[in-house]
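Tertiary structure, described
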Amino acid sequence: MKVSSEKFVQKAFDLIGNPYLWGGNGETLGDVIRKYADSKEQGKEATEDMIAFINQHYCIKCDEIHLQDCSGLIIEILRLLDVIPETYDTTAQGLYEQCKKISKPCKGALAFYWNGEKHNHVGICASETMVVHCLSTKTGVIVEDIAKRKDKWVDFAFPYKWVDPSIEDKADYDTINLAKDVYVYRTADDAKENNIAKGTLYKANTYYIYKTFKGKYTNITRTIGVAGGWIRNDILQEAEEW
């Protein structure tokens, strides 16, 4: 089974904001907590109580927060699209070896870093100029201009094995720039300290948002991080005044 470039990229947008975990392939924060608690021989009931406490106290859902590294992001997306089996696993270099090298970025292609010995980082080209990737523990999954790290994105390759660019699917998201109107922060303290927008503070899921605009939300709006990036529309829709 193959999917369209649109679906491949759209699924990548759905995962923006997910945290980075070295070696992660989409397991949830709840999975990680349970595994650790089990290693300490904490009882199942106590562990579930702890997770319920975290969910309530920090206003998150541990079983809905997926963790991955750069190649794990690609693998998770392909799994969610039912393109590869649950047991599939590989590295950035492994992904590169299964793709066809191309000369420039395009929607649905993969972008790669090269460290002199192997490809050690990978992202998904959302367009000819934008890339979605799980960069680090400080950023999680983000979208940014390819030009921002143009010296590092040295190779591009298309995953024809899993993605068929000839399949036409209408995108159900809009990638407009709302960076001047919406500011999103990870913590309330960051929001208060960096209140560039001088607007009303809202809380949505684990994000603190200053909204200074009026209008209809799009499915994907650009805004995550400290005053820049992207955030999923369903998170924005849940925003409540803080």
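Described below are features of the structure shown in this document.

Conventions adopted
- Residues numbered from 1 in each chain as written.
- Predicted model: local features only at pLDDT ≥ 70, side-chain atom pairs only at ≥ 80, totals over all residues.
- Heavy atoms only, no water.
- Axes fitted to C-alpha atoms, helices over the stretch in contact; angles between N-to-C directions.
- Helix = DSSP H or I, 4+ residues; strand = E, 2+ residues; numbered from the N terminus.
- Left-handed = near helix turned anticlockwise from the far one by under 90°.
- Contact = heavy atoms within 4.5 Å.
- Salt bridge = Lys/Arg side-chain N within 4 Å of Asp/Glu carboxyl O.
- Buried < 20%, exposed > 50% of the residue type's maximum accessible area, 1.4 Å probe, protein only.
- Polar contact = N/O pair within 3.5 Å; in protein donor to acceptor, adjacent residues only side chain to side chain.
- Expected span 1.5 Å × (residues − 1).
- Pairing = 2+ DSSP bridges.

Running from N to C, helix H1 (residues 5-14) and helix H4 (residues 70-80) point in directions that differ by 115°, and their axes come no closer than 10 Å. In the crossing of H1 with H4, the sense of the turn from one axis to the other is right-handed. On H4, the residues touching Phe8, Lys11 and Ala12 of H1 are Ile74, Ile77, Leu78 and Leu80.

What follows is about the pattern of salt bridges. Within this structure, the stated rule accounts for six salt bridges. With a closest N to O distance of 3.0 Å, Glu6 and Lys107 form a salt bridge. Residue Glu6 is located in helix H1, and its partner Lys107 is located in the loop between strand E3 (100-102) and strand E4 (110-113); the two are separated by 101 residues in the primary sequence. Classification of Lys107 as partly exposed rests on a relative accessible area of 30%. We note a salt bridge from Glu144 to Lys148, for which the minimum N-O separation is 3.7 Å. Judged by relative accessible area, Lys148 falls into the exposed class, the value being 60%. Linked by salt bridges that have partners in common, Arg34, Glu48 and Asp63 make up one network.

Among the structural elements, Asp155 can be located in strand E8 (residues 155-158). Among the polar contacts made by the side chain of Asp155, one reaches the side chain of Lys101 at a distance of 2.6 Å. Setting aside chain neighbours within four positions, we find Asp155 in contact with Tyr96, Lys101, Leu110, Ala111, Phe112 and His119.

With that settled, consider helix H3 (residues 44-57). Look at H3: 20 Å from first C-alpha to last across 14 residues, which is about the 20 Å you get at 1.5 Å a residue. Looking at the buried side of H3, the elements it contacts are helix H2 (29-39). Looking one or two places after H3, you find Cys59, whose phi comes out positive at around 55°.

Inspection of the secondary structure assignment puts Lys152 in the loop between strand E7 (140-145) and E8. On the accessibility criterion, Lys152 (45% relative accessible area) is partly exposed. Along the chain, Lys152 and Phe112 lie 40 residues apart, while their C-alpha atoms are 7.8 Å from each other. Sequence-distant contacts of Lys152, that is, excluding residues within four places in its chain, are made with Phe112, Tyr113 and Trp114.

Attention now goes to the pairing of strand E6 (residues 130-136). Burial runs high along E6: five of the seven residues are buried. By the bridge criterion, two bridges tie strand E5 (residues 121-125) to E6 in an arrangement that is antiparallel. Bridge pairing in E6 links Ile124 to Val132. In this antiparallel pair of consecutive strands, E5 and E6, the connection spans four residues. Bridge count for E6 against E7 is six bridges, and the pairing is antiparallel. Looking at the pairing, Val132 lines up with Val143 of E7.

In this structure, His121 sits in strand E5. Judged by relative accessible area, which is 6%, His121 ranks as buried. At a separation of 2.9 Å, a polar atom in the side chain of His121 contacts the side chain of His133. Setting aside anything within four residues of it in sequence, one finds His121 in contact with Cys70, Ala92, Ala111, Phe112, Tyr113, His133, Cys134, Leu135 and Trp153.

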